Each structure stands twice: as structure tokens, then as C-alpha cells.
Amino acid sequence: MKRLTVPALRARKAAIAQGQGEPLVMLTAYTVRMAQLLDPHCDMLLVGDSLGQVIYGLPSTVPVTLQMMAAHGAAVVRGSYHAVVVIDMPFGSYEASPQQAFESAAYLMKETGAAAVKLEGGAAMALTVAFLSERGIPVVGHVGLTPQAVNALGGYGARGRSDAEAQKIVSDAESIAAAGAFAVVIEGVVEPIAQAITRAIAVPTIGIGASADCDGQVLVAEDMLGLFERTPRFVKRYGDMAGYVSERVETYAAEVRARTFPTAEQTYAPKG
Ligand code: KIV
Ligand code: NA
């Protein structure tokens with residue numbers, strides 16, 4: 001199977017808008033084995049800066065570095081052959097100027113082989129999105145609840161409950177789509193905002209805590225698999241990996257303590 005391309009994903013918007021195309025499927029991946037398992041089923045794999053909390057136990061995505069993103073991005077590209085790999089630009093690596101964003105994005109693409117970057121923000125980031133897009137770097141936008149701004153927002157609650165805030169989120173999405181983003185993630189907003197953006201912009205919207213009417217959906221894989229300990233309201237838990245792991249490790253520990261593992265089957269006998 002040949003790897004999907006950014007233009008192919010962008011072009012799906014028209015078909016989806018006419019009710020003819022299937023919604024885009026996206027999940028996060030941070031490691032090679034998880035990438036291998038998710039890749040055949042996904043249109044896009046996101047190397048999310050959520051790895052700060054999920055992999056490193058950090059309190060937010062704010063401390064995540066370019067080097068952390070590069071290491072995990074390279075692993076995910078090595079573990080995938082079908083999906084478009086999108087890598088998050090971490091906080092502090094792109095906001096200062098379009099030039100800073102270009103250097104950071106080019107570093108991530110060279111180090112990882114990812115096909116696209118994602119960055120958070122609306123109108124304030126439009127110039128940067130245009131600067132990257134015009135220079136060969138496909139960009140996914142991210143509006144609504146933008147976790148890198150947690151210190152300014154005061155928490156992770158849904159956005160757009162007031163008319164003014166709702167209007168701002170819609171115009172933010174329009175700004176970055178007009179600037180050349182090839183897709184826009186909409187996170188944690190009241191549903192009519194996600195529906196309005198999906199109608200308004202010419203590129204696919206990818207929802208997370210947004211709406212079933214978005215052109216695609218994304219979740220953190222560890223959340224939907226029931227592996228991470230805290231999950232927000234918008235996560236559907238498709239499994240209980242935490243419970244699965246705990247039970248098997250309990251059995252292993254008991255067998256080691258009882259000397260029932262290893263047995264002859266897992267032991268090398270001398271020759272002859
Ligand atoms: O970092 C991440 O996992 C994300 C998705 C939740 C959209 O940005
Ligand atoms: Na992110």
C-alpha cells in the first residue's frame with residue numbers, strides 16, 4: 001500500500017461535503033509498535049504533544065521540547081507506511097515569528113520524515129501558516145480548546161459558550177484555512193461551532209470533543225484504549241488496556257514468586 005498524501009486528504013473535503021466521502025480517521029501515536037498497529041486503519045497518525053502527559057507524566061504540554069517530538073516522530077514514521085504522519089509543533093517552537101516556526105518545522109520534518117506539522121492558534125498564527133504552507137510545509141491548524149494555552153485559558157473546559165467566544169473560534173478557523181492550512185483540528189467546543197466551521201471552510205475539519213458532523217475525528221489512542229488514567233468526557237473508551245495489563249502482570253508476578261515461571265519450555269537445555 002502506498003502512503004496517502006496531503007493533497008489526497010485535503011481533496012476528500014469536497015466528497016465529504018457532498019455526503020459521498022468517508023470521514024477521515026486520525027489517532028495519536030508516539031511509539032513504533034503502536035504506529036504499526038494503528039497505521040492500517042488510519043488516514044492520519046498524529047504525533048501529539050499530548051505525549052508530554054501520556055508518555056512523560058508532565059502536568060501539561062507546555063514543557064514538551066522539539067527534541068522529544070523529533071524522537072517520537074521518527075519512531076512513528078518508522079512504524080507506518082500508509083497514513084500521513086502529522087507532528088505537533090511544541091509550545092515555544094513557533095509562536096515568536098514565521099521564521100522561528102519554519103526552522104522548527106524543518107527540523108522536525110528532517111529528523112522524522114513526517115509529512116506535515118500541526119500548530120495551535122487562530123488569526124494570530126495565520127501569517128505563520130501561510131509562511132510555512134508557501135514553503136513546502138503542509139500545516140494542520142488547531143482551534144477551540146488549545147492545550148498549550150492552558151495557563152491563559154485557566155483549564156481544559158469546553159470553549160465557545162459565549163457568543164463572542166464562539167464567533168472568535170469560527171473566525172480563527174477561517175483565518176488559518178484561508179492562510180493555507182490543509183486541515184483544521186477543532187477541540188473541545190460546543191457542537192454548533194464545529195458544525196459552523198465545517199460548513200465554512202474548504203478543508204477538512206477533524207473533531208475531538210467537537211461534533212460527529214466534522215469531516216474526521218481524532219482521539220488520543222491511549223485514551224480510547226483505556227490505558228491512560230484520566231480521560232475527558234469526549235473520549236469513548238473502546239477497551240480497558242489498563243485492566244488487561246494489570247491482570248497479566250499480577251499473574252506473572254505470582255508465577256515468579258511461586259517458581260512456576262519459567263518452565264522447561266522457556267529454558268535452554270545444553271546440547272547432546
Ligand atoms: O496532542 C494531541 O494529542 C492533540 C490531539 C488531541 C488533537 O493535539
Ligand atoms: Na497537541
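Just so it is clear, the model here is predicted, and its values are computed rather than measured.

Thresholds applied
Throughout, residues of each chain are indexed from 1 in the direction in which the sequence is written. Written order decides the labels, with chains lettered from A and ligands numbered from 1. Under the rules for a predicted model, residues below a pLDDT of 70 receive no local features and side-chain atom pairs below 80 are neither given nor counted, while totals for whole chains, interfaces and linings still include all residues. Only DSSP runs of H or I covering at least 4 residues are called helices, and only runs of E covering at least 2 are called strands; the numbering of each starts at the N terminus. Atoms counted for the radius of gyration: C-alpha only. Globule rule: 2.2 Å times the number of residues to the power 0.38. Exposure classification rests on a simple neighbour count of other C-beta atoms within 10 Å of a residue's own: a residue reaching 20 or more is buried, one at 12 or fewer is exposed, and one in between is partly exposed. C-beta atoms are placed from the backbone. A residue pair is marked as a contact if its C-beta atoms, positioned from the backbone, fall within 7 Å. For every residue, the predictor states its confidence as a pLDDT score lying anywhere from 0 to 100. Multiplying 1.5 Å by the helix residue count minus one yields the expected span of that helix. UniProt positions are given in the numbering used here, feature names are shortened, and annotations may be inferred rather than shown by experiment. When DSSP finds two or more bridges between two strands, those strands count as paired. Comment: axis = line fitted to C-alpha atoms, over the contacting stretch for helices; angle = value between 0 and 180 degrees taken between N-to-C directions. The criterion for a residue being near a molecule or strand is simple: its C-beta atom, placed using the backbone, must lie within 6 Å of it. Under the convention adopted here, Pro, Cys and the residues Ala, Val, Leu, Ile, Met, Phe, Trp and Tyr are nonpolar, Asp, Glu, Lys and Arg are charged, and Gly plus all remaining residues are polar. When the strands point away from the viewer, a crossover counts as right-handed if the path from the first strand over the helix to the second runs clockwise. An angle below 35 degrees is treated as roughly parallel, one above 145 as roughly antiparallel, one from 65 to 115 as roughly perpendicular, and anything else as oblique. Crossing handedness follows the turn of the near helix against the far one: under a right angle anticlockwise gives a left-handed crossing, and clockwise gives a right-handed one. Here a nonpolar core is just a set of buried residues of the types Ala, Val, Leu, Ile, Met, Phe, Trp, Tyr and Cys, joined wherever their C-beta atoms sit within 7 Å.

Trainee: Would you take a moment to explain the overall build of the protein for this structure?
Mentor: Tallying secondary structure elements over the protein gives 11 helices and eight strands in all. Relative to the 2.2 N^0.38 estimate, which gives 19 Å for 272 residues, the radius of gyration of the protein is 21 Å and therefore close to what a compact globule would have. Taking the principal axes of its C-alpha atoms as reference, the protein extends roughly 75 × 40 × 35 Å. Counting over 272 residues, the protein shows a buried share of 44%. In the protein, 60% of the contacts between residues at least 6 apart in sequence involve partners at least 24 apart.

Trainee: Even after reading the chapter, I still don't get the confidence of the model for the protein, so can you show me in this structure?
Mentor: Model confidence for the protein is summarised by a mean pLDDT of 97, while 100% of its residues fall at 70 or above. For this predicted complex, the interface confidence score (ipTM) comes to 0.99, while the overall pTM stands at 0.97.

Trainee: Would you take a moment to explain helix H11 (residues 241-258) for this structure?
Mentor: Because the α-helix completes a turn every 3.6 residues, residues three or four places apart line up on one side. In a regular helix each residue adds 1.5 Å, so 18 residues correspond to 26 Å; H11 covers 26 Å between its end C-alpha atoms and thus fits that length. When you tally the buried positions in H11, you get zero out of 18 residues, a small fraction of the element. Remark: arginine 259 follows H11 within two positions and exhibits a positive phi of approximately 55°.

Trainee: What am I meant to see in the UniProt feature "binding site: 3-methyl-2-oxobutanoate" (unreviewed entry) in the protein here?
Mentor: Listed under "binding site: 3-methyl-2-oxobutanoate" (unreviewed entry) in the UniProt record, and renumbered for this structure, are Asp49, Ser50, Asp88 and Lys118. In terms of the greatest pairwise C-alpha distance, the residues named above, spread along 70 residues, form a tight cluster of at most 12.5 Å across. Among the secondary structure elements, aspartate 49 is positioned in the loop between strand S2 (44-47) and helix H3 (51-54). With near-sequence residues (within four places) excluded, aspartate 49 lies in contact with Thr61, Val64, Met69, Asp88 and Pro90.

Trainee: In this structure, what is going on with the sheet that holds strand S5 (residues 139-144)? I would like to understand it.
Mentor: Paired through backbone hydrogen bonds, the strands of a sheet run either parallel or antiparallel to each other. Within the closed barrel, the eight strands sit side by side as S1-S2-S3-S4-S5-S6-S7-S8. Their pairing is parallel. In this sheet, adjacent strand axes meet at a mean angle of 25° when their direction is disregarded. Two strands pair when backbone bridges link them, and strand S4 (residues 116-118) and S5 are joined in this way by two bridges, in the parallel orientation. Bridging across to S5, lysine 118 finds its partner in valine 140.

Trainee: When you look at the site of ligand 1 in this model, what are you seeing that I'm missing?
Mentor: Every residue lining ligand 1 is accounted for by Thr28, Leu46, Gly48, Asp49, Ser50, Asp88, Val185, Glu187, Ile208, Val218 and Val220. Here the shell around ligand 1 is built from residues that sort into five nonpolar, three polar and three charged.

Trainee: Can you walk me through the UniProt feature "active site" (unreviewed entry) in the protein in this structure?
Mentor: Under the present numbering, the feature "active site" (unreviewed entry) in UniProt falls on Glu187. Considering the arrangement of structural elements, one finds glutamate 187 in strand S6 (residues 183-187). Leave out the neighbours within four places in its chain, and glutamate 187 touches His142, Gly144, Leu145, Ile208, Gly209 and Ala210.

Trainee: Help me understand the pairing of S2, please; the structure alone is not making it clear to me.
Mentor: Sheet faces and side chains relate simply in a regular strand, where the side chains alternate between the two faces. Because side chains alternate across S2, one face comprises the buried residues Met44 and Leu46, and the other comprises Leu45 and Val47, equally buried. Crossover connection from strand S1 (residues 24-28) via helix H2 (residues 32-38) to parallel S2: handedness right-handed. Taken together, the four bridges between S2 and strand S3 (residues 84-88) define a ladder with parallel strand orientation. Across the sheet, methionine 44 pairs through a bridge with valine 84, a residue of S3.

Trainee: Would you mind showing me how to read the packing of helix H5 (residues 98-112) against helix H6 (residues 126-133) here?
Mentor: If you want to describe how two helices pack, look at the angle between their axes and the distance between the axes. Axis separation between H5 and H6 bottoms out at 9 Å; the angle between their running directions is 45°. Considering the angle they form, H5 stands oblique to H6. Like other packed secondary-structure pairs, H5 and H6 cross with a definite hand, here right-handed. Counting all contacts with H5, which are made through Pro98, Ala101, Phe102 and Ala105, the residues of H6 involved are Leu127, Thr128, Phe131 and Leu132.

Trainee: What is the right way to read the nonpolar core from this model?
Mentor: Core analysis: the largest hydrophobic core is formed by 72 residues, its most contacted members being Leu45, Val85, Ala181 and Val184. Among the elements that take part in this core, helix H8 (residues 163-178) stands out by supplying five residues, more than any other. Residues in contact with valine 85, not counting those within four places in the same chain, are Leu45, Val47, Val76, Val77, Ser80, Ala114 and Ala115.

Trainee: Explain H6 to me, please; I cannot follow it from the model alone.
Mentor: Along H6, the residues classified as buried are Ala126, Thr128, Val129, Phe131 and Leu132. Buried residues belonging to H6 abut H5, S5 and H8.

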